[in-house]
Structure formats: structure tokens, C-alpha cells
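Read off the chains here:
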Amino acid sequence: MSSLSVPGYAFAAPFQIPAPSPIRSLAPYANRPGTISMAGGYPAQELFDVAGLTAASGKVATRLASCLQYSNIEGQPALRAQLARLSAERGVRCDPDTELAVTGGSQQSLALLGRVMLQPGDAAIIESPGFPNSRQALHYTGADIHPVRSGPDGVDVDALAQLVERVKPKLVSVVATFSNPCGATLSRARRLRLLELAVRHRFLLVEDDPYGELRFEGVAVPPLAALAEGEARNWVVYISSMSKTMAPALRIGWMIAPAEIRRRCVSAKAADDMASSAWVQEIVAQYVQDGHYHSHVPRIRDAYAARCEALAAALAEELGDRVSFSKPQGGMFCWVRLNGDIDSTRLLPYAIEHEVVYVPGKAFYADPGQADMQAMRLSFATMNGAEIRQGIVRIGAALDACARNEPVSIVLPG
């Protein structure tokens, strides 16, 4: 259909100019044969527990007919029970029948919370840099989305306190453990202050925790909901996902929220997709019940620990003082800054020509004018040590070519 024949659709304001994904737009380059991609936020495919999932699927297959009906909107009772047990192991205790709901990944949890809590004219606060899809989930409600500074130590709580006074948010969303893209973990003291702010200013504090199980160094800090006591528990929601620990294709996440918030999110989910697949939910429940989850996650941690160590070593040995970074204690990402005049956006076409791809830091900022143009996000999850080192060698070669202003054939959108 030609552009001349497209009717003048009256799109809703948040969708009049759909935001392109700055990460997915790199996929055509990342998927080229021979290219080393440090761009994606995907878990390592070779680490999927195919045997464990096959065993769980086989057990569920013996009662398959009962799993082919619509699920309860709030999730299958068996899975809610298992997720409540997993959450309790993290310090987050809940009633699986009134406070926990199964969702289509943690992304749907955040979208449902946004829909239930926000409308045009409301304010919400998100970290910047932060995951672009999280920002979009709240932006699509029509609310005003305000960024607050974040970085290697997590969200700047002092800046947040000032912003809260000014914009009076109804919702604040953070990734407190191994944030995307910075790999940062908030200290216990900062978490307690966040909870104090939520109670004092009566905003809903949403903790997205897709990476917390992937700690391979240091001492774990309890989730916000685990630290919330008394009135604070009324103002915190915990959301998590099986995407990074089991497999993204399952599309299983969950939220733990005060009962009245959870009840409304269940209503919103009914209007959204009716329910998550009962079949898939039963497989996940069986997998966890049979102990596969608890034996599998340590294998992921060990593999990511080795890959993170390989990345840190390669950065130090191959690029030296050309970059600055803090090695994360878990998760899947390392936030790296280029030292010198070359920024990561200018460098990217050269990197692509040298068959390595990363995500420039600019992609993660809600306000491009505040972006750290020297920063880049490198994922270490999907490569072995040799591939990681080769990727960093290629970034070094790209830096040399860029410094010489060599011609480059790759032209990326602005």
C-alpha cells in the first residue's frame, strides 16, 4: 500500500509516533554471520535446561487435557504456590491467593501496574539510563514520565527525593539489583530510604527483579519488598520473571502486590490476554517442584561469572586506559565508558564494519540531552571467553579506524 492511500487515522497520543526500539534495530547487524554481538539482552541459549524442561513437560503431558483449558486469570494455583515459595526464599513473603499473580513476563507486570495506577496528567518516575521498554510501558498510559539519574551505584536517591517533591509521582519504577544497563545494585541503606520516600509521599514503588538470582560475587541485598515493614508494605510491588533463569519463550513472570492492586491488575490482564497459558504454567510449576530450578540456576551463575571475568580481563588487557568500567557482581551487562574524544554512537558504524556490535549508552536515556555519549552496554551472557576477547579486540580496531577518520560504509539512523 502506498503512503498516499493511508487514511488519516486518529491514533491515541502515545502512539502517534511509535518509538523504534534502539536495541532491536541493531539485530540485522548483530545477526550477520561472523559478527560478535554484545548488544542483546538474551540469556545464553546453550545454557537452557532442555533436559529438565523436557522431563517436566513429560509429566505434564500425562494430564495434558486438564492443561488445555483457559487458565485462572491470576495464574494456575500450582504455579502461584511455587512462585510464592521462590519469592519467600528471596525474603518476599506473600499470600499466593490474594497478593501474587502470574503475568506474561515482568514486562506485562509493569504494563498492568501502569494501566491500573496511571492516566493522563499523572506522573511516574523511571531510572535513566534504564531499559527502554520499561519506559514505554508507562509512557503508553499517557502519564508524564520523568527520568531520575542512575548509574554504577543505582538510582540517585537524593535526586529522586528532590524530584518527588516537585512532580508528586503516583509510581516509581526501579531495578535495584543488577540494573539494565548499568549492572548496578542499590545498597541496603538506599533501599531503606526509597521505602521511606514511598511511605512519606504515597507513591507505589515498583521493583523489577529479573536478574537478582544471577549474583555470582558479593553478598545479596534483600529486595525492597523483603525490607518493607508495616505501612511500607502497602507501597511496594515486587515483579520478577523466569526469562533470564529458565527461558524467555515461556513468557512467565509474576507480581507480588497489595491485594487491592493485584485485584485490579488481574482485571486489566483479563482485558489484555485473558490469561497466560495454563499448559506452560503447569510445566514451569512442575519444573520448580521437581527441583530442576534450584539445580539449574547455579550453573547459569557459574557460566556468567566466568564470562564476566573474561570480559573484565579483555577490557583491561586489550583496551587499557581507553575505557573505564566497574565489573558487575551479577546479571548480564557491563556498563563501559570510552575515555577520550570518540563517543560510542560515532564508534558504532566502525564497530559493525569490524564485526562486533554493542548498544550505545544513548539508547537507554529517557532524555537524549542528558545521555552519557561515551557509555556503551556490553552483554557478556551469550559468548565464551575466546569470543568475548575477540569482540573487545575488534572494538579496539574500530577505535583505531574511527580515530583515523577512515571511510565507513555503515550508515545508522540518527
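Quick notes on the rules
Residues numbered from 1 in each chain as written. Predicted model: local features only at pLDDT ≥ 70, side-chain atom pairs only at ≥ 80, totals over all residues. Heavy atoms only, no water. UniProt positions renumbered as here; feature names shortened; annotations may be inferred. Domains from an automatic or database assignment. Contact = heavy atoms within 4.5 Å. Buried area = accessible area lost by both parts, 1.4 Å probe. Salt bridge = Lys/Arg side-chain N within 4 Å of Asp/Glu carboxyl O. Buried < 20%, exposed > 50% of the residue type's maximum accessible area, 1.4 Å probe, protein only. Helix = DSSP H or I, 4+ residues; strand = E, 2+ residues; numbered from the N terminus. Pairing = 2+ DSSP bridges. Axes fitted to C-alpha atoms, helices over the stretch in contact; angles between N-to-C directions. Core = buried A, V, L, I, M, F, W, Y, C linked by side-chain atoms within 4.5 Å. Left-handed = near helix turned anticlockwise from the far one by under 90°. Nonpolar A, V, L, I, M, F, W, Y, C, P; charged D, E, K, R; others polar.

Labelled according to an unreviewed UniProt entry, the chain appears under the name 2-aminoadipate aminotransferase, originating from Bordetella flabilis. One UniProt comment on the chain, placed under Cofactor (unreviewed entry), says "pyridoxal 5'-phosphate".

Some details on the domain arrangement of the chain
For the chain, the assigned domains read domain 1 (20-41 + 295-404) and domain 2 (63-290). The distance between the C-alpha centroids of domain 1 and domain 2 comes to 27 Å. Between domain 1 and domain 2, the residue contacts involve 27 residues of the former and 23 residues of the latter. With both chains or domains summed, domain 1 and domain 2 bury close to 2300 Å², and 63% of this area falls on carbon and sulfur atoms. It is R301, Q329 and F364 in domain 1 that bury the most area against domain 2; as a group they hold 26% of the surface buried on that side. Joining domain 1 to domain 2, the criterion identifies two salt bridges. Its salt-bridge partner being E217, residue K327 comes within 3.0 Å of it at the nearest N-O pair.

Observations concerning helix α5 (residues 132-139)
Judged by how many residues are buried, α5 sits mostly within the fold: six of eight residues are covered. Among the residues of α5, those classed as buried are P132, S134, R135, Q136, A137 and L138. On its buried face, α5 is in contact with α4 (105-117), β3 (123-128), β4 (144-149), β5 (171-174) and β6 (204-208).

Regarding the sheet that holds strand β7 (residues 236-241)
With respect to topology, seven strands assemble into an open sheet ordered β2-β8-β7-β6-β5-β3-β4, the strand pairing being mixed. Each end of this open sheet is capped by a strand with a single partner; those strands are β2 (100-103) and β4. The average angle at which neighbouring strand axes cross in this sheet is 20°, direction not considered. Strands in contact with helix α9 (residues 259-272) are β2, β6 and β8 (253-256); relative to β2, the strand with the most contacts, it is inclined by about 25°.

Topic: unusual backbone geometry
Residue P129 is bonded to the preceding S128 through a cis peptide linkage, with omega at 10°. Along the polypeptide, P129 turns up in the loop between β3 and α5. A cis amide bond links N180 to the next residue, P181, at an omega of 25°. Structurally, the position occupied by P181 is in the loop between β5 and α7 (188-201). With a phi angle near 70°, M274 is a residue other than glycine that sits in the positive phi range. Structurally, M274 can be placed in the loop between α9 and α10 (278-289). Judged by relative accessible area, which is 45%, M274 ranks as partly exposed. If you check the backbone angles, E355 has positive phi at about 65° while not being a glycine. Here E355 shows up in the loop between α12 (344-353) and β11 (356-357).

Considering the nonpolar core
Counting 58 residues, the largest nonpolar core has Y304, L311, L315, L347, L378, I392 and I395 as its most contacted members. Contributions of two or more residues to this core are made by α11 (292-319), β10 (333-338), α12, β11, β13 (375-379) and α13 (385-403). Counting residues per element, this core draws most heavily on α11, at nine residues. When residues of this core are assigned to domains, at least three fall in each of domain 1 (20-41 + 295-404) and domain 2 (63-290).

As for the UniProt feature "domain: Aminotransferase class I/classII large" (unreviewed entry) in the chain
UniProt tags residues 66-395 as "domain: Aminotransferase class I/classII large" (unreviewed entry). For residues 66-395, helix accounts for 42% and strand for 16%, while the C-alpha atoms at its two ends are 53 Å apart.

Considering the side chain of S150
You can see S150 is positioned in the loop between β4 and α6 (157-167). The contact partners of S150, leaving out residues within four places of it in the chain, are E127, S128, P129, V155 and D156.

Digging into the packing of α12 against α13
Where α12 contacts α13, the two axes come as close as 8 Å, and the packing angle between them is 115°. As α12 runs across α13, the sense of the crossing is right-handed. Within the contact between the two elements, α12 uses R346, L347, Y350 and A351 and α13 uses I395, A398, L399, A401 and C402. Partitioning the contact of α12 with α13 into residue classes produces eight nonpolar, no polar and one charged.

Describing the environment of G91
The topology assignment puts G91 in the loop between α3 (77-89) and β2. Exposure remark for G91: the relative accessible area of 25% places this residue in the partly exposed category. C-alpha of G91 to C-alpha of L347: the two residues are 256 residues apart in sequence and 43 Å apart in space.

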